[in-house]
Amino acid sequence: MTSSELASWQQQLYTADKALMTMIYTDGSSQLREPVELISKRRVDGSDDSEGKASFILVSILVTNPSGCSSYPLTFPLTNGGLQRASDMAKTFLLNLLDCKITKVCFYAQELMHAILHHYQLIPERGYPSWEVFDPKVASWLLNPDNPPITFSELLDKHLEGRYTMAAAVGLVSNETHLSDLALLDPVMTDLSRKLRQEELWDLFTNIEVKLTPVLSAMEVQGIKVSGETLHEYGGILQRHMAKAEMRCYRAAGHPFQINSHVQLRQVLFEELKLDQQCRGQKLARTNVQNLKSTSEAVLHKLRGIHPLPELVLSFRQLVKMKSTYVDGIVDYITRQGYIHTSWEQTTASSGRLQSANPNIQNIPRQPVDLEEEERSEEQTCSTGHNATALRMREPFVSHDGWTFVAADFQSMELRLLAHLSKDQVLLDIFNQNSAGDIFVQLTCEWLGVIETKVSAAQRDRTKRIVYSVIYGVGPERLAETLGVSKDDAKAFTKSFLGKFKGINSFTHGCIADCQRHGFVRTISRRWRHIKNINSQNFHARAHAERQAVNFVVQGSAADICKLAMINTVHELNRKTHLRARLLVQIHDELLFEVHDEDLSEVKDLLKSVMEETAESCGPRIKFLVPLPVSLSTGKSWGRLQAA
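Rules behind the numbers
Residues numbered from 1 in each chain as written. Predicted model: local features only at pLDDT ≥ 70, side-chain atom pairs only at ≥ 80, totals over all residues. Heavy atoms only, no water. Helix = DSSP H or I, 4+ residues; strand = E, 2+ residues; numbered from the N terminus. Buried < 20%, exposed > 50% of the residue type's maximum accessible area, 1.4 Å probe, protein only. Axes fitted to C-alpha atoms, helices over the stretch in contact; angles between N-to-C directions. Parallel < 35°, antiparallel > 145°, perpendicular 65-115°, else oblique. Contact = heavy atoms within 4.5 Å. Nonpolar A, V, L, I, M, F, W, Y, C, P; charged D, E, K, R; others polar. Pairing = 2+ DSSP bridges. Salt bridge = Lys/Arg side-chain N within 4 Å of Asp/Glu carboxyl O. pLDDT = per-residue confidence, 0-100. Expected span 1.5 Å × (residues − 1). Arc of directions from axis to C-beta. Phe/Tyr/Trp six-rings, centres within 6.5 Å; stacked < 30°, edge-to-face > 60°. Lys NZ or Arg CZ within 6 Å of the ring centre and 35° of its normal. Polar contact = N/O pair within 3.5 Å; in protein donor to acceptor, adjacent residues only side chain to side chain.

Observations regarding the environment of Leu-354
Along the chain, Leu-354 falls in the loop between strand E7 (343–345) and strand E8 (355–357). For Leu-354, a relative accessible area of 1% corresponds to the buried category. With 232 residues separating them in the primary sequence, Leu-354 and Gln-586 have C-alpha atoms 7.9 Å apart.

Comments concerning the packing of helix H15 (residues 413–422) against helix H21 (residues 502–518)
Contact pair H15 / H21: the axes reach a minimum separation of 9 Å and the direction vectors enclose 80 degrees. As far as their axial angle goes, H21 and H15 are roughly perpendicular. On H21, the residues touching Leu-418, Leu-421 and Ser-422 of H15 are Gly-503, Ile-504 and Phe-507. Here the contact of H15 with H21 is composed, by residue class, of four nonpolar, two polar and no charged.

Considerations on the sheet that holds strand E16 (residues 630–635)
Across the sheet, which stays open at both edges, the five strands sit in the order E14-E15-E11-E16-E17 with antiparallel pairing between neighbours. Single-partner strands in this sheet number two, and they are strand E14 (581–587) and strand E17 (642–643). Strand direction decides the pairing type here: E16 and E17, joined by two bridges, are antiparallel. For Thr-634, the partnering residue across the bridge sits in E17 and is Gln-642.

Brief notes about the pairing of E14
Among the seven residues in E14, seven count as buried, and that is most of the element. Where E14 lies against strand E15 (residues 590–596), six bridges are found, and the strand directions are antiparallel. The residue of E15 that forms the bridge with Gln-586 is Leu-591. Between E14 and E15, which pair antiparallel one after the other, the connecting turn spans two residues, and His-588 there sits at a positive phi close to 60 degrees.

A look at the pattern of salt bridges
A full pass over the atoms with the stated rule returns 28 salt bridges. Between Glu-209 and Lys-563 there is a salt bridge, with its nearest N and O atoms 2.8 Å apart. Highlighted residues: Glu-209 in helix H9 (residues 202–222) and Lys-563 in helix H22 (residues 539–575), separated in sequence by 354 residues. As far as the burial class goes, Glu-209 and Lys-563 line up, both buried. Between Asp-409 and Arg-366 there is a salt bridge whose closest N-O contact spans 3.5 Å. In this pair, Asp-409 sits in strand E11 (residues 403–410) while Arg-366 sits in the loop between E8 and strand E9 (369–370), placing the two residues 43 residues apart along the sequence. Given the relative accessible area of 17%, Asp-409 is considered buried. In this structure Arg-366 comes out as partly exposed when scored by relative accessible area, which is 45%. Each of the salt bridges in this network shares a partner with another, and the network as a whole consists of Glu-209, Arg-527, Asp-560 and Lys-563.

A short note on H15
Judged by how many residues are buried, H15 sits mostly within the fold: nine of 10 residues are covered. Every buried residue of H15 is accounted for by Met-413, Glu-414, Leu-415, Arg-416, Leu-417, Leu-418, Ala-419, His-420 and Ser-422. In the core, the buried residues of H15 are packed alongside E11, helix H16 (425–432), helix H17 (439–448), helix H18 (457–472), H21 and H22. One or two steps after H15, the chain reaches Lys-423, where phi turns positive at roughly 55 degrees.

A short note on the confidence of the model for the protein
Here the protein averages 87 in pLDDT, and 91% of its residues register 70 or above. Overall, residues 44–51 carries pLDDT values under 50, and its contacts beyond four positions in sequence, including any with other chains, amount to 11 contacts.

Observations concerning helix H23 (residues 600–612)
The end-to-end C-alpha distance of H23, which contains 13 residues, comes to 18 Å, matching closely the 18 Å that a straight helix rising 1.5 Å per residue would cover. Listed as buried for H23 are Leu-600, Val-603, Leu-606, Leu-607, Val-610 and Met-611. Here the buried residues of H23 occupy an arc of 125 degrees about the axis, which is enough to place them on one side. More than 90 degrees from the buried face of H23, the exposed residues found are Ser-601 and Asp-605. Buried residues in H23 make contact with E11, H22, E14, E15 and E16.

Brief notes about the packing of aromatic side chains
Going through the model one piece at a time under the given rule, you end up with 12 aromatic pairs. Taking the centre distance of 5.5 Å and the plane angle of 85 degrees together, the rings of Phe-134 and Trp-202 count as edge-to-face. With a gap of 68 residues between them, Phe-134 in the loop between helix H4 (109–119) and helix H5 (136–143) and Trp-202 in helix H9 connect regions that are remote in the sequence. Judged on exposure class, the residue Phe-134 and its partner Trp-202 are both buried. An aromatic cluster of at least three residues, connected via ring pairs, comprises Phe-134, Trp-202 and Phe-205. Above the plane of the ring of Trp-202 lies Arg-197, whose end atom (NZ or CZ) is 3.9 Å from the centre.

Examining the environment of Arg-522
Relative to the assigned elements, Arg-522 resides in strand E12 (residues 520–522). We classify Arg-522 as buried; its relative accessible area is 15%. For the pair Arg-522 and Gly-556, spaced 34 residues apart in sequence, the C-alpha to C-alpha distance is 8.2 Å. In terms of polar contacts, Arg-522 uses its side chain to reach the backbone carbonyl oxygen of Glu-199, at 2.8 Å.

Some thoughts on the environment of Ile-451
Along the polypeptide, Ile-451 turns up in the loop between H17 and H18. Of the residues examined, Ile-451 reaches a relative accessible area of 54% and is grouped as exposed. Separated by 284 residues in sequence, Ile-451 and Ala-167 have C-alpha atoms that sit 72 Å apart.

Written out as structure tokens, the structure reads:
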């Protein structure tokens, strides 16, 4: 293509109706025709392996004229192959295409944006807010969040009832087949758009999910720096503690055995020590297969007071999990440059929450994890300078020289949303008094009628667990286990609490009644979820569905606000080009940024201001009844953040 031809094609963009896009891989498959087993492996991560990499992007420009709609296909290489001029021209056209205002459609748009950012070495911290691409994958997930399609062919089957089908292909897929597949994107997105409008999901799709996609792509390419040396050291510490825990288990059992073997552990617990016979008044769970006595965590918790071994096995399992999840599971994903590029999954959770995968860095604990303190004198500290018996699993994640992490965290967000949604006057008064006190202490005072100085730590903890059992849909059995009380006592506590906070009680009953009537519930941004078994005759199935309904409204609304906060902060940082800051991680109610030290003060003010005003972007029909304050903390490592 000559320069004049490129200019002519770019002019076409301003008169086109829409552009359809897909990526073709080096193995001949595409985003539209891709084996399920390869989807999770498709990630442009900077490695030298060519397998699974995008080879080129296929674009079809649709233009309506008097004779009908015409399509103009173009292919753009994502491999240089020594032709730098061709690569530069492809980059110019693709960036103009993504920036222009015409409708653009791509199945799995996040992956396409990721590939473009990576291949052309664009600056990911910009966020590229103008890259708005309609993604049928996201649209179909909004319509059916519990059973979203994985592949394009699944989408056709699930949502379009066989009206559009993909052509059969034998052997290598030809260019004609790719074009035939690409042509399906237009009627598919048209049909999904109609359904989104019909179900009042269009605003959610266009104003939140579509705008979020380029933000997630940039976060993936940006990655986060990790100290492999610290991780290696943590692995050694945990390995030594595992060996000590193993020996303590052997001493308690009276002989060595395979602790990770359920068969051998079952033999020791129930045949040799006969702990089940000493567990009077409590029914121990059995396995689903073969109906054997379970050695699950719940069973071990019940046996703790009878013999030392169950507690020791729980401690050993915790150490094994920490090492496999937070050390070994992280090390495997560190690139040669010392970064982790987690995948941000937009369409995985039915609640609307984002999920991190490969590796999951959202579940890395914030608080230090205490290890056994035996033989402390042998292992007082590690080279990171802190006590080796209290590991901070976020410590290995570090900022660049001259940069600082800034964590912006919505305070008690889901509880504040519960206050707003329930309109409980007691909760509203607590949050609108601008008190800096402990919210759970204040709730305990209101519930039990005691003064603040008389609230014990146990009472505060009980209040907190009951509140979150309402929000997260925790049943009485699990709450009883958490509180260490009987099921009847757990029910009594919950009944007493809801009796004091009558607005919460009315809200939960209203959610359930609404769901029973319509079959679904909605968040503040109209996100919906159909709740299976809400009218079931089976008590346990119906009770679980009722808890799901309440949980979705609160947690899904929180997800909506957090996504808007991500979009708004990235857009504002992009607008203020002199500021150097990048969004790295989202942990539900918390956003983690990396900020240049010289811009730290201004960026902190910006983040707090923009995030606290996020509720206003939820729409003119929503006026929040409580503030959504944001707390900031800073530090050079993710595990060492201090209040700013």
